[in-house]
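The lines below spell out each chain.
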Amino acid sequence: MTTSPPSSSSGEQQTSSGFHQLHPGVQKWIWQQKWPALRDIQERAILPILAGDRDVLISAATAGGKTEAAFLPIFSRLMEEPGMGIGTLCISPLKALINDQFRRLSEIGEQLEIKVTPWHGDIDAGRKRRLLKQPSGVLLITPESLEALFVRHGSEIAGFFQGLNYLVVDELHAFIGSERGKQLQSLMHRVEQVIRRRVPRIGLSATLGDMELAAEFLRTGKAVQVEQIESEDEGQEIQIQVKGYRKTVPVLDRALNLNKALNLNQDETEDLGDSQDEMDITAHLFRVLRGETNLIFINSRSAVEAYTDRLCRLSDQQRVPNEFFPHHGSLSKEIREEAEQALKSDKPTNVICTTTLEMGIDVGSVKSIAQVGPPFSVSSTRQRLGRSGRKAGDPAIIRFYISEPDVTSTTLIQDALHPALVQTIAIVNLMVFERWCEPPIVTKLHLSTLIQQVLSLIAQYGGVNALQLYQVLCQTGAFQQITQEMFIQFLRQLGAKDLIQQTHDGLLILGLKGERLVNHYSFYTAFQTPEEYRIVTQGKTLGTLPIDFPLIEGLFLIFAGRRWMVLSVDAEHKVVDVARASAGRVPKFGGGGGAIHDRIRQEMYQIYRSEKVPVFLDRTAVDLLQEGRENFYRFGLDNRYLLQDGKKTLLFCWMGSQVINTIYLLLRTQGLQVELNGIAIVVHDTTPERLMKKLEAIVDMEPVDAISLAEVVEDKAIGKHDLFLNEELLGWNYAASHLAPSKAWETLQVLVKQ
DNA sequence: GACCTGCTGCGGAATG
C-alpha cells in the first residue's frame, strides 16, 4: 500500500511538471535511483514546497515516500538559496526515525554537498559542537534536543537559524494532543520569534482522523491556509478475524506439573497461573504464526512477558528453534534491537510487543498482525493494521484474540455482557465500515508544559518581562487558551514556589528551584517519567522496572522473555543484579489508563441492540456475542439505564471515559458512594428509584462547571510540573483534560427522560 | 483494564 503502481515508463518524468522545476542536481539523483516515476504525493508536493511561501501538510497511509516528497523540493531550494546557518529544521518524535532519515537523506545530501546532521541524545557532543560553530544544511532533531538548544545556547539561536527556509515535522499525528505536541508547537513558534519571520512549515502525517486538526496543529489559527496533499487511498484488502475464548478457572499445565515433580522446586508454583484461554491462545499463535514473520500486539508489558515466556517454553518443549521475541518500552535498547534485527532478517520472526512497534522502525514485510485482548482505540488499531501487508498486492491481516468469562451465578452483570468482545467489534466496525477515527483532544491547557516553556524562555534570554512572556507563549504562541488573568495568577504561583523571581526593575529571572530544574538534563522532556530500577545480568542491562515493584534477593522473575533469579538489590544506585533461573514470575509494570471515546461506547450499545452477526467472528465469538446480547435483554438494558444488583445500582450511560468520569464526580458531589467498573458506574447502598431522584436533581440544576467538580478529585497533579500549581490552577487544568460537564449533563438529561 | 516518547555539560581517568 505504500507503492503506487510502477506502471509508467521512465519517460513519464519528462512530462511531469514538478520534476522540471527541481534543481538539476536533484533531478540527477532521482534518475540515478531508477524510480519508474515519482509517486503521486511526491509529484504534487514539488510546486507548493518550492514556492516557499506557504505551509504544506502531506499525508499518506504509511511512511513510504513522504520524506522524499518533502525533501526533494527542499534540497532543490537549498541548492538555489543556501543562505546562512541551518537551511531546514526537521523535528522527529523518535531517535530511531532520525537515524533512519539521516541514512536516507545523507546520501542525496552528499551528492549535492548539503550537510545533513542528526541531533539527539545518542549523538556525540563533538558533532554538535562542530555544527554550532558552522551551522548549515539540514538538521534532524527531537523536540527535547531543540529545547536544550534554546536553554543552553539561547544567545546563539538567532544566528543558528537566521537563514532557515523550512521547518519540517515528521509523524505529525504522533504529536497532536500530547504534552510533547504542545511543547513542539511552542518551540516552532519560538524559532520564528527569535529570527523574527515566518518560516514555511511542512507536516508529514499518517491519514488518521481529521486532517483539519492536523493543519490546525501545524499552524494554529491559519489552518485554512495550509495546503493539503493527501495520497489517494490505495484500497488495500483487509482480512479480519475475531476469535473468542472462554476464561475458566486456572488449570494446571500438565507439562509444567511434570517439571515441578521432577525439580521439586517450590517456586514453580508461580507458573500455575496459566488459565485455559491463555494456553489456547498461546497454542494458536504458535501453530499459525510460526514459520512466518508477524507482529503480536498485547495490551500490557506484563502480558507481553507472560506470552513470550509461554511461547518460548512451547518452542523448547517441541524442540524447535525459538522465533518469538519480546519488545516493549521497559526493555533495554540492546534487547529491543535483537528483536528488530530479527524482524529485518529474512528468518521467520514473531515479535510480541506493546505500542512500541506501532510506529518507528521500518519492520519490513510482516505477514499478519495478532491483537491479544481488546483494542482501546480505532487510531491505534489502524496503525497496527498498517504494519502488515506492506508489499503491493498483499492483504493486511489482523486476528483478534478475545477472552470472556463463562457466565455463572457469581459473574458480575457488566462482565456477563462480554464487553471486551463487543468493544472489539465496535472498533472494527468504526474502522472498516464507518472509516472513523478518534480525534485528539486539543482543548487541554497543558499548564505543566507552560511551566517548562516559561522557565526555558527565561533561561534562553537570562531574563524576560511578564508581558513578553505572555506575548510569546500565549498571545501569539502555543498556549492561546490561557487568559491574561490566568497567566498573572500562574506567574504569581511560580514565584511563590521559587521557580521564578522578579528583579527590582520588573524583570523575571529564575528562582532557586527554577535554576535547579533547568540545570538538570531531565528538564528538556515535557512528559513525566517514573523512577525505576535497572535490571542487570553480567554487566549487561536487560531493562527497567518501576521502583514500587518489590524486588528482593532470591525472587524469581520473568523478564525480556527469559527467567531469572534476583542476586542482589542495590537500593542506592537502583540496580538489580539477576542470573538465569528455571522459575519465574511476571512482574507488574504499573502505568495509568488511557481514555475511550464516546463513539466506541455508543457503537457498542448499537451492537447489543442489533441482531447482525459480523462475518469476521469465529464460532466461540458468535456464541459469546449471542450470550452477551441475551444478557443485555435479560437485564432489560435495551430500555433502561439503571439496574439493581443487590445493594448496588449500576448505571450504564454508553459514553466514553470523559463523560463517565464526569458523571462519577457528579454523583460523588451528591454524597453517594460511587465506583467506576468497566462500562458501568456502580453506586453503593442505593436503589434505581433513589438514584433516579438524585439524577433528576442533578439535571434540574444548571450544568455544573468543571472547576467545582474537579475540587472533588483528590489527585489532580498528573503532569510533570503539576505539583507546582495551586488548587485553582490544578482544577482548571484537570477539568480541561479529563472532564466533559456539558456532555455529561446532556447524557443525564436523556437518561432521566426515559 | 492498558501504552510510548526523551535528555547536557562537566570532570576525571584512560589511551594514543
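Please read all numbers here as calculations on a predicted model, not as lab measurements. (Residues numbered from 1 in each chain as written. Chains lettered and ligands numbered in written order. Predicted model: local features only at pLDDT ≥ 70, side-chain atom pairs only at ≥ 80, totals over all residues. Heavy atoms only, no water.)

1. Re the packing of aromatic side chains
Okay, so step 1: Within this structure, the stated rule accounts for 17 aromatic pairs.
Okay, so step 2: Judged by centre distance (6.2 Å) and plane angle (25°), the ring pair of Tyr-245 and Tyr-401 falls under stacked. In this pair, Tyr-245 is assigned in strand β8 (residues 238-247) and Tyr-401 in strand β13 (residues 396-405), connecting sequence segments 156 residues apart.
Okay, so step 3: Consider the rings of Tyr-608 and Trp-654, whose centres lie 5.6 Å apart with planes at 55°: the pair is tilted. With Tyr-608 in helix α22 (residues 598-609) and Trp-654 in the loop between β22 (648-651) and α24 (657-669), the pair connects residues that are 46 residues apart, well separated along the chain. Judged on exposure class, the residue Tyr-608 and its partner Trp-654 are both buried.
Okay, so step 4: In this structure an aromatic cluster arises from ring pairing among Tyr-605, Tyr-608, Phe-632, Tyr-633, Phe-652 and Trp-654.
Okay, so step 5: The ring of Phe-150 carries the charged tip of Arg-190 above its face, separated from the ring centre by 4.5 Å.
Okay, so step 6: Arg-310 extends its terminal NZ or CZ atom over the ring of Tyr-307, reaching a point 4.3 Å from the ring centre. (Phe/Tyr/Trp six-rings, centres within 6.5 Å; stacked < 30°, edge-to-face > 60°. Helix = DSSP H or I, 4+ residues; strand = E, 2+ residues; numbered from the N terminus. Buried < 20%, exposed > 50% of the residue type's maximum accessible area, 1.4 Å probe, protein only. Lys NZ or Arg CZ within 6 Å of the ring centre and 35° of its normal.)

2. Some remarks on the protein's contact with DNA strand B
Okay, so step 1: Close to DNA strand B lie 34 residues, the nearest being Lys-95, Thr-354, Phe-376, Tyr-521 and Gly-678.
Okay, so step 2: Sugar and phosphate atoms form 55% of the subset of DNA strand B atoms that lie within 4 Å of the protein.
Okay, so step 3: Lys-95 places a main-chain nitrogen or oxygen 2.5 Å from a phosphate oxygen of DNA strand B.
Okay, so step 4: One nitrogen or oxygen atom from the side chain of His-153 is found 3.1 Å from a phosphate oxygen belonging to DNA strand B. (Near = heavy atom within 4 Å. Polar contact = N/O pair within 3.5 Å; in protein donor to acceptor, adjacent residues only side chain to side chain.)

3. Brief notes about the pairing of strand β20 (residues 575-580)
Okay, so step 1: The sheet contact formed by strand β16 (residues 532-537) and β20 spans three bridges and is parallel. Its bridge partner lying in β20, Val-536 is registered against Asp-577.
Okay, so step 2: Here strand β19 (residues 562-570) pairs with β20 via six bridges, running antiparallel. Paired with Val-566 across the bridge in β20 is Val-578.
Okay, so step 3: Counting the residues between successive antiparallel strands, the hairpin from β19 to β20 contains four residues, one of them, Lys-574, with a positive phi of roughly 60°. (Pairing = 2+ DSSP bridges.)

4. Observations regarding unusual backbone geometry
Okay, so step 1: In this model, Arg-435 sits at a positive phi of 50°, which is unusual for a non-glycine residue.
Okay, so step 2: With respect to the helices and strands, the residue Arg-435 is situated in the loop between α17 (419-433) and α18 (447-461).
Okay, so step 3: Phi at Asp-498 is positive, roughly 65°, even though this residue is not glycine.
Okay, so step 4: Mapped onto the fold, Asp-498 is located in the loop between α20 (484-496) and β14 (500-502).
Okay, so step 5: According to the relative accessible area criterion, Asp-498 is partly exposed, its value standing at 27%.

5. Details of the state of the cysteines
Okay, so step 1: For the coordinates displayed, the defined rule picks out zero disulfides.
Okay, so step 2: Free cysteine: Cys-353, not disulfide-bonded; nearest cysteine sulfur from Cys-312 at 14 Å.
Okay, so step 3: A relative accessible area of 0% means that Cys-353 is categorised as buried. (Disulfide = S-S within 2.5 Å.)

6. Notes on the pairing of strand β3 (residues 116-119)
Okay, so step 1: What you see with β3 is no split at all: Val-116 and Pro-118 on one side and Thr-117 and Trp-119 on the other are buried throughout.
Okay, so step 2: Bridge count for β3 against strand β4 (residues 136-141) is four bridges, and the pairing is parallel. Its bridge partner lying in β4, Val-116 is registered against Val-138.
Okay, so step 3: Remark: the β3/helix α6 (residues 125-133)/β4 crossover connection has right-handed handedness. (Right-handed = clockwise from strand over helix to strand, strands pointing away.)

7. Some words on the domain arrangement of chain A
The parts lose accessible area when they come together, and the size of an interface is often stated as this lost area.
Okay, so step 1: On domain assignment, one finds that chain A holds domain 1 (19-230), domain 2 (238-409), domain 3 (447-524), domain 4 (532-580) and domain 5 (640-753).
Okay, so step 2: Domain 1 and domain 2 are separated by 37 Å when their C-alpha centres are compared.
Okay, so step 3: If you look at the interface, domain 1 gives 12 residues, while domain 2 gives nine residues.
Okay, so step 4: It is Thr-62, Leu-94 and Leu-208 that lose the most area in domain 1 upon contact with domain 2, and together they represent 44% of the buried surface on that side. (Domains from an automatic or database assignment. Contact = heavy atoms within 4.5 Å. Buried area = accessible area lost by both parts, 1.4 Å probe.)

8. So, α22
Okay, so step 1: For α22, with 12 residues, the first-to-last C-alpha span of 17 Å sits near the 16 Å given by 1.5 Å per residue.
Okay, so step 2: Listed as buried for α22 are Asp-598, Ile-600, Arg-601, Glu-603, Met-604, Tyr-605, Ile-607 and Tyr-608.
Okay, so step 3: Buried residues belonging to α22 abut α17, α23 (619-634), α24 and α28 (741-753). (Expected span 1.5 Å × (residues − 1).)

9. Looking at the sheet that holds strand β5 (residues 166-169)
Okay, so step 1: With parallel pairing, seven strands are arranged side by side in an open sheet as β3-β4-β2-β5-β6-β1-β7. The open sheet is flanked by β3 and β7 (227-230), the only strands paired with a single partner. Averaged over all pairs of adjacent strands, the angle between strand axes in this sheet comes to 20°, irrespective of strand direction.
Okay, so step 2: For β5 and strand β6 (residues 201-205), the ladder comprises three bridges, and the chain directions are parallel. Among the inter-strand pairings, Val-169 is bridged to a residue of β6, identified as Gly-203.
Okay, so step 3: Its contacts with the sheet put α6 on β2 (85-91), β3 and β4, and the angle it makes with β3 is roughly 130°.
Okay, so step 4: Where helix α7 (residues 143-152) meets the sheet, it contacts β2, β3 and β4, and its direction lies at approximately 120° from that of β4. (Axes fitted to C-alpha atoms, helices over the stretch in contact; angles between N-to-C directions.)

10. Section: the environment of Gly-373
Okay, so step 1: Structurally, Gly-373 is set in the loop between β12 (368-372) and α15 (378-385).
Okay, so step 2: Residue Gly-373 is classed as buried on the basis of its relative accessible area, which comes to 15%.
Okay, so step 3: In this structure the C-alpha to C-alpha distance between Gly-373 and Phe-400, which are 27 residues apart in sequence, comes to 7.1 Å.

11. Comments concerning the side chain of Glu-68
Okay, so step 1: Mapped onto the secondary structure, Glu-68 falls in helix α4 (residues 66-80).
Okay, so step 2: Among the polar contacts made by the side chain of Glu-68, one reaches the side chain of Arg-104 at a distance of 3.2 Å.
Okay, so step 3: If sequence neighbours within four positions are ignored, Glu-68 has contacts with Trp-35, Gln-42, Pro-73 and Arg-104.

12. A word on the packing of helix α9 (residues 179-195) against α18
Okay, so step 1: Put simply, α9 and α18 touch, their axes get as near as 10 Å, and they point 30° apart. Here α9 is positioned roughly parallel relative to α18, judged by the angle of their axes. As for how α9 packs across α18, the hand of that crossing is right-handed. Contacts between α9 and α18 involve Glu-179, Lys-182, Gln-183, Ser-186, Leu-187, Arg-190, Gln-193 and Val-194 on the former and, on the latter, Thr-449, Gln-452, Gln-453, Ser-456, Leu-457, Gln-460 and Tyr-461.
Okay, so step 2: Each residue belonging to the contact of α9 with α18 can be placed in one class, and the counts come to four nonpolar, eight polar and three charged. (Parallel < 35°, antiparallel > 145°, perpendicular 65-115°, else oblique. Left-handed = near helix turned anticlockwise from the far one by under 90°. Nonpolar A, V, L, I, M, F, W, Y, C, P; charged D, E, K, R; others polar.)

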